[in-house]
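The residues making up each chain are set out below.
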Amino acid sequence: MTPLKAGSTIGILGGGQLGRMLASSAAQLGFDVSIYCPEDDCPAARVAASHTFGQYNDPAALLAWAQSCDVVTYEFENVPVTAAEALIAAGITVRPGAKPLEVSQDRLTEKAFLRECGIPTADFAAVNAPDDIADPIKAFGGKGILKTCRDGYDGKGQVRLEEGDDYVAACKALANAPSILEAFVPFELEVSVIVARDAVGDTLCYDLPRNEHVNGILRRSVVPSNLAEDVVKNACEAAEKLAHALEYVGVLALEFFVMKDGSLMANEFAPRVHNSGHWTPEACATGQFEQHIRAVVGWPLGPVTRFHDVEMLNLLGEEAMVPPEVLSADGVLTLYGKREAKAGRKMGHLVRRRV
Ligand SMILES: Nc1ncnc2c1ncn2[C@@H]1O[C@H](COP(=O)(O)OP(=O)(O)O)[C@@H](O)[C@H]1O
Ligand SMILES: [Mg+2]
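Residues numbered from 1 in each chain as written. Chains lettered and ligands numbered in written order. Predicted model: local features only at pLDDT ≥ 70, side-chain atom pairs only at ≥ 80, totals over all residues. Heavy atoms only, no water.

Participant: Can you help me understand the pattern of salt bridges in this one?
Facilitator: It is possible for side chains bearing opposite charge to pair when their charged atoms get close. Evaluation of the coordinates by the stated rule reveals 21 salt bridges. One salt bridge connects R210 with E212, and the closest N-O pair in it is separated by 3.1 Å. Across the pair R294 and E290 runs a salt bridge, and its minimum N-O distance is 2.9 Å. Here E290 and R294 lie together in helix α10 (residues 288-296), a separation of four residues that amounts to about one turn. On the basis of relative accessibility, which here comes to 19%, the residue R294 falls in the buried class. Because the salt bridges share partners, they merge into one network encompassing R210, E212, R220, E311, D330 and R352. (Salt bridge = Lys/Arg side-chain N within 4 Å of Asp/Glu carboxyl O. Helix = DSSP H or I, 4+ residues; strand = E, 2+ residues; numbered from the N terminus. Buried < 20%, exposed > 50% of the residue type's maximum accessible area, 1.4 Å probe, protein only.)

Structure below.
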């Protein structure tokens, strides 16, 4: 695909806050955005030039929509692989492609792929029945986390386990879905690499945020991470290796556990812009949303120079529903326009300069 001109139409599969922020950045660069998603009144559609309401498993509707777009991208990783493949087969340019979906949708496939790339991960084992747990959990030193292979997010679909726990109950809590048992990693801290790769294969990594999770949900990201230079270099090299291996075009996030000795273990990656990169529009020359748009339209990446130290705080549930408080907090506020503030739901975020 030759680079697109401003005024072209970018199709985005998915209608959440990431799509909303991508659409806003695309508009700033002069593009029209068309959102395809199965929800009415979704956050992204309300800031986009157009919205097509449709299911992801409706190939005819998807194709008709995609044919009205000059390029198609996605804002969430659970777009069916077959849907992306069907569009590609019909000659639509889909960036970053079907492979990143296929690899990241299943935690077993994902961990195996990371290892194939030479990127270390926690030890893991497939679990299809309670009996599959006893041996690996012993081998992992008696502590693990059981996660559904598919569809987990924000810590959902996970149970912490110790040797001798009730494995039947653990599997039942995950609806006996195909799962992965991971060794529990006694990490010192968590970081992520937000890496962008453009259509000619050039890559850029943002400074690494240090990520604090509460109940499996990202609470706060802080930059700089204050990690040693060689640790940062290792993490960025791993993320670049992953992006190249996936022939990725766009922004992806690779999450890491950092051990006391500075060694790294990759946890998972997201084939999209990422919550831990929400500080980049305010703190960097090019934000992650603009960067993703630049990559998918075939433009060169923008500089990722960071201007100041920064922290990003997620506003969960009712936290975003108290305008006087969030407005009086210093920092730049972003609200996602979600109609309902369910407990723990990501409703917005606040980016604060650190001095
Ligand atoms: N193997 C592990 N050992 C220790 N902590 C973990 C492990 N896996 C996940 N966690 C913790 O749970 C959080 C959420 O898990 P993650 O695998 O990233 O799932 P999600 O898709 O919900 O983000 C991680 O950021 C980390 O804090
Ligand atoms: Mg995660």
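Participant: For this particular structure, what's the right way to read unusual backbone geometry?
Facilitator: Glycine aside, the phi torsion of most residues is negative, and most peptide linkages are trans. Residue R95 is joined to P96 through a cis peptide bond whose omega torsion reads 10°. With respect to the helices and strands, P96 occurs in the loop between α3 (81-89) and α4 (99-104). P224 follows V223 through a cis peptide bond whose omega is 5°. Among the structural elements, P224 can be located in the loop between β12 (217-223) and α8 (229-245). With a phi close to 55°, A175 is a non-glycine residue in the positive phi region. Among the residues examined, A175 registers a relative accessible area of 66% and is labelled exposed. Even without a glycine there, the phi angle at N176 is positive, about 55°.

Participant: Help me understand the site of ligand 1 in this model?
Facilitator: In the vicinity of ligand 1, 19 residues are found, and the nearest of them are K147, G155, E190, N267 and E268. Here a nitrogen atom of ligand 1 and a backbone polar atom of V185 are 2.8 Å apart. One of the side-chain N or O atoms of E190 is found 2.6 Å from an oxygen atom in ligand 1. Its free accessible area being 540 Å², ligand 1 has 94% of it covered by the protein chains. Mapped onto the shell around ligand 1, the elements with two or more residues apiece are β6 (143-148), β8 (179-183), β13 (250-258) and β14 (264-270). (Near = heavy atom within 4 Å. Polar contact = N/O pair within 3.5 Å; in protein donor to acceptor, adjacent residues only side chain to side chain. Areas by Shrake-Rupley, 256 points an atom, 1.4 Å probe, with all protein chains shown as cover.)

Participant: What should I look at first to understand the coordination of the magnesium ion (ligand 2) in this one?
Facilitator: Each donor-metal-donor angle in an ideal tetrahedron of four donors is 109.5 degrees, and each such angle in an ideal octahedron of six donors is either 90 or 180 degrees. Looking at the magnesium ion (ligand 2), one finds its protein donor set to be E255 (OE), E255 (OE) and E268 (OE), positioned 1.9 to 2.8 Å from the metal centre. Taken together, the residues span a long stretch of sequence, with E255 in strand β13 and E268 in strand β14 at a distance of 13 residues. Relative accessible area serves as the criterion here: at 12%, E255 is assigned to the buried category. (Donors = N, O, S within 2.8 Å, 3.2 Å for Na, K, Ca; no water.)

By themselves, these are just geometric observations and shouldn't be taken as functional.
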